[in-house]
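# Breakdown of the fold
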Amino acid sequence: MLADAFAAERLRFFKARGTVFWSLAFVPIVSILIGLVQGLLMRNLLARAAAEGNPAAALGRAPVSLLNQAIDAVSGSNFFIVQLFFLIAATAILAGDYRWETWRFLTPRNTRANLLLGKIGTFGLVTAIGLVLLAVGGIIAGLLSAVLTGGGVTWAAAEGNANVQLAGMFGIAFLEMMALGALAAVIAVATRAGLAALLVPVGAWVVQGFTVSQLQKGFENPLEPPLQYLLGFPVLQSDLLKAALAPPQMGMTPDINWPLALVALIAWIAGLTALAVWLFQRQDLTRE
């Protein structure tokens, strides 16, 4: 059963403490340390400005919005360095049995489709936990900044509905990371190599981002509707969804067909997952 495959993969992953640390805990810890360093630097700058009678000292102590800190942290999950750490979990889950040659012990216990879908589902759970930890890291970094600079703390800024923005940003980041993980599943099955499953998806996302940025130069508005229909890249669909989620600005908010972008992103996840299952079902695992 699929539930059994998912439970087994979940147990195996969380028993690997090293993989759990590097894929889930390392980036939030680094973000907290960066927030600590930035807070110390800002405190020194504000102290110097106050000693010189500079009015900028008061501006530097503006209240910190914890919810906006969480939104910024979650939206940063599309940075390729952060994606690499998430994909450490993906490669451990999806390519580990090729490395240790344990597939031949698993395939008699369940169907191949269930085994692979259980792995992809486990990566989805890990992704959700990782995004929550990123948000928590952003909030802690904001608190440290507020304490060190003497600024106030507020839960949300006055403009826009930050709770909806955080929920939407979390969903968008989750879908984009799942598309990345589905591509990693295809690469892991096709190459049977963990390193390829780690590097190729990130490389594909970087190439997509570069291609979209180059094509956008020909449009007066970088998010004009023609781009939405001509390109189906997951990176572009994620950017369009984030732009649609942002608070409207006078004369600067493009007309975005966000349902189409959402369907396209989900279609990428479903299509890549189906391709990975199709390849896996036809694979010879007698020596794996």
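Just above sits the structure.
Rules used throughout
Residues numbered from 1 in each chain as written. Predicted model: local features only at pLDDT ≥ 70, side-chain atom pairs only at ≥ 80, totals over all residues. Heavy atoms only, no water. Axes fitted to C-alpha atoms, helices over the stretch in contact; angles between N-to-C directions. Helix = DSSP H or I, 4+ residues; strand = E, 2+ residues; numbered from the N terminus. Parallel < 35°, antiparallel > 145°, perpendicular 65-115°, else oblique. Left-handed = near helix turned anticlockwise from the far one by under 90°. Contact = heavy atoms within 4.5 Å. Nonpolar A, V, L, I, M, F, W, Y, C, P; charged D, E, K, R; others polar. Buried < 20%, exposed > 50% of the residue type's maximum accessible area, 1.4 Å probe, protein only. Phe/Tyr/Trp six-rings, centres within 6.5 Å; stacked < 30°, edge-to-face > 60°. Lys NZ or Arg CZ within 6 Å of the ring centre and 35° of its normal. Salt bridge = Lys/Arg side-chain N within 4 Å of Asp/Glu carboxyl O.

### Points about the packing of helix α4 (residues 66-75) against helix α8 (residues 162-191)
Put simply, α4 and α8 touch, their axes get as near as 9 Å, and they point 15° apart. Judged by the angle between their axes, α4 and α8 are roughly parallel. Where α4 crosses over α8, the two elements pack in a sense that is left-handed. Contacts from L67, N68, A70, I71, V74 and S75 of α4 reach α8 at A162, N163, Q165, L166, M169, F170 and A173. Looking at the contact of α4 with α8 residue by residue, the class counts come to 9 nonpolar, 4 polar and no charged.

### A look at the environment of S145
For S145, the position within the fold is in helix α7 (residues 112-149). For the pair S145 and G35, spaced 110 residues apart in the sequence, the C-alpha separation amounts to 6.4 Å.

### Describing the side chain of T91
Along the chain, T91 turns up in helix α5 (residues 80-100). Since its relative accessible area comes to 13%, T91 is described here as buried. Once you skip the residues sitting within four places of it in the chain, T91 turns out to touch G96, G194, A197 and L198.

### Here we look at the packing of aromatic side chains
According to the stated counting rule, one finds 8 aromatic pairs in the structure shown. Ring centres of F21 and F26 lie 6.3 Å apart, and the angle between their planes is 65°; this geometry places the pair in the edge-to-face category. Of the aromatic side chains, those joined through ring pairs into one cluster are F21, W22, F26 and F85. If you follow R112 out to its NZ or CZ, it ends over the ring of F280, 5.6 Å from the centre.

### Structural notes on the pattern of salt bridges
Overall, the coordinates contain 4 salt bridges when judged by the stated rule. One salt bridge in this structure joins R12 and D97, with 2.8 Å as the shortest N-O distance. With R12 in helix α1 (residues 2-15) and D97 in helix α5, this residue pair connects regions lying 85 residues apart in the sequence. Look at the salt bridges and you will find they share partners, linking E9, R12, D97 and K119 into a network.

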